[in-house]
Number of protein chains: 2
Amino acid sequence: MMEPTQVVKALAALAQPTRLAIYRLLVATGPEGLAAGQIAETLKVSPANMSFHFKTLSHAGLVESRQDGRFVYYAANFTVMNGMVDYLTENCCGGNDAVCKTPTRKC
Amino acid sequence: MMEPTQVVKALAALAQPTRLAIYRLLVATGPEGLAAGQIAETLKVSPANMSFHFKTLSHAGLVESRQDGRFVYYAANFTVMNGMVDYLTENCCGGNDAVCKTPTRKC
DNA sequence: TCAATTATTAAACGATTATTAAAACGTCGT
DNA sequence: ACGACGTTTTAATAATCGTTTAATAATTGA
């Protein structure tokens with residue numbers, strides 16, 4: 001189970017329109033990731049602002065980066081995403097599934 | 001699918017240690033909820049501070065309240081919780097489940 | 001109605017955050 | 001080594017957030 005402080009950090013990182021958009025784009029993209037500039041162009045964000053938000057997402061463990069030539073590729077960390085969700089729903093309704101009657105989730 | 005602004009609001013509401021603890025307590029409790037004072041005592045939070053955080057959680061749609069005599073009972077809204085999770089994981093890995101290889105979730 | 005209990009509101013302070021513009025850093029092709 | 005490109009850092013500003021204290025509302029029982 002994740003540490004509460006890490007969960008708070010991850011939630012705070014996603015609680016911002018630009019970062020949420022970045023993250024969703026990376027989640028939909030998958031492990032191969034996208035170059036910083038591609039994301040900046042897609043979301044119409046300045047490079048400086050982009051770096052600022054990447055740093056927050058990285059520090060929260062939600063994304064990881066790898067350098068490829070002049071490009072820096074960012075990709076979502078799915079382990080942390082799922083850890084965050086599990087933390088939120090832990091012991092939901094005291095463990096009585098029937099109460100929540102919500103569908104199961106893929107990914 | 002939830003609106004981005006509502007998702008941001010919900011994430012921001014949970015991105016705070018006290019509110020995250022409140023919310024988890026309510027998620028584990030289930031629909032019957034808990035009285036404000038009970039939660040304040042359990043989490044060692046002042047009543048004023050408690051009200052402040054309840055307001056944030058309510059405004060984000062994450063909890064709902066009902067008055068019973070002098071007590072106000074708060075309960076988690078599971079629909080919003082699941083909507084938030086679905087928003088984050090939408091079209092994960094371009095819809096290719098195998099890539100994320102994460103377990104499905106109950107609740 | 002009075003006093004006690006439960007919860008909310010309002011004002012004030014310090015701390016954190018998002019954005020912009022400018023400068024700096026690394027990498028590549030020539 | 002040089003210039004161009006992609007990205008990051010720094011500094012400065014305005015805006016937002018969490019906590020405390022004190023005052024206010026609403027409900028109950030004597």
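Student: Let's hear about the overall build of chain A: which residues, and what values?
Tutor: Broken down by element type, chain A carries 6 helices and 3 strands. N-terminal to C-terminal, the α/β element order of chain A is α-α-β-α-α-β-β-α-α. Its C-alpha atoms give chain A principal-axis dimensions of about 50 × 25 × 20 Å. Buried residues in chain A amount to 35% of all 107 residues. Nonlocal contacts in chain A, meaning residues at least 24 apart in sequence, comprise 54% of its contacts between residues at least 6 apart.

Student: Give me the protein's contact with DNA strand C: which residues, what numbers.
Tutor: Taken together, 23 residues form the shell around DNA strand C, and within it A48 and G69 of chain A together with G37, A48 and S51 of chain B come nearest. Sorting the residues of the surface near DNA strand C by element identifies α4 (47-59) of chain A together with α3 (36-43), α4 (47-59) and β3 (71-76) of chain B as the ones contributing at least two each. Sort the elements by how many residues they give to the surface near DNA strand C and α4 of chain B lands first, with 7 residues. Taken together, the residues that form the surface near DNA strand C break down as 12 nonpolar, 8 polar and 3 charged.

Student: Run through the sheet that holds strand β2 (residues 63-68) of chain A, naming residues and quoting values.
Tutor: Residues and elements named next belong to chain A. The sheet built from 3 strands is open, its strands ordered β1-β3-β2 with antiparallel pairing. In this open sheet, the two strands that pair with only one neighbour each are β1 (34-35) and β2. Across 6 bridges, the pairing between β2 and strand β3 (residues 71-76) is antiparallel. Looking at the pairing, S65 lines up with Y74 of β3.

Student: Go over the packing of α3 of chain B against α4 of chain B, please, and point to the residues and values.
Tutor: Residue and element names in this part refer to chain B. Orientation of α3 relative to α4, taken along the N-to-C sense of each, is 115°, at an axis distance of 10 Å. On the basis of their axis angle, the class for α3 and α4 is roughly perpendicular. The handedness of the crossing between α3 and α4 is right-handed. Seen from α3, the contacting residues are A36, I39 and A40; seen from α4, they are P47, M50 and F54. Here the contact of α3 with α4 is built from residues that sort into 6 nonpolar, no polar and no charged.

Student: Pulling in residues and values, what's your account of the protein's contact with DNA strand D?
Tutor: By nearness alone, 24 residues border DNA strand D, and A36, G37, P47 and A48 of chain A together with G69 of chain B come closest of all. Elements represented by at least two residues in the surface near DNA strand D include exactly α3 (36-43), α4 and β3 of chain A together with α4 of chain B. Taken together, the residues of the surface near DNA strand D break down into 12 nonpolar, 9 polar and 3 charged.

Criteria and thresholds
- Residue indices follow the written sequence of each chain, beginning from 1 at its first position.
- Ligands are numbered from 1 and chains lettered from A, in the order in which they are written.
- The model is predicted, so local features are restricted to residues of pLDDT at least 70 and side-chain atom pairs to those at 80 or more, both for listing and for counting; the totals for chains, interfaces and linings are taken over all residues.
- Counting from the N terminus, the helices are DSSP H or I runs at least four residues long and the strands are E runs at least two residues long.
- Here the C-beta atoms are placed from the backbone, and a residue counts as buried if at least 20 other C-beta atoms lie within 10 Å of its own, exposed if 12 or fewer do, and partly exposed otherwise.
- Each residue is represented by a C-beta atom placed from its backbone, and any two residues with such atoms within 7 Å are regarded as in contact.
- Using a C-beta atom placed from the backbone for every residue, we mark a residue as near a molecule or strand if that atom lies within 6 Å of it.
- Here the term charged refers only to Asp, Glu, Lys and Arg, the term nonpolar to Ala, Val, Leu, Ile, Met, Phe, Trp, Tyr, Cys and Pro, and the term polar to all other amino acids, Gly among them.
- Two strands form a pair only when DSSP identifies at least two bridges running between them.
- Think of each axis as a best-fit line through the C-alpha atoms, taken over the contacting stretch in the case of a helix, with angles from 0 to 180 degrees between the N-to-C directions.
- Each angle gets one of four labels, with under 35 degrees taken as roughly parallel, over 145 as roughly antiparallel, 65 to 115 as roughly perpendicular, and the rest as oblique.
- By definition, any crossing whose near helix is turned counterclockwise from its far helix by less than a right angle is left-handed, and any crossing with a clockwise turn is right-handed.

Don't take any of this as a statement about function, it's just geometry.
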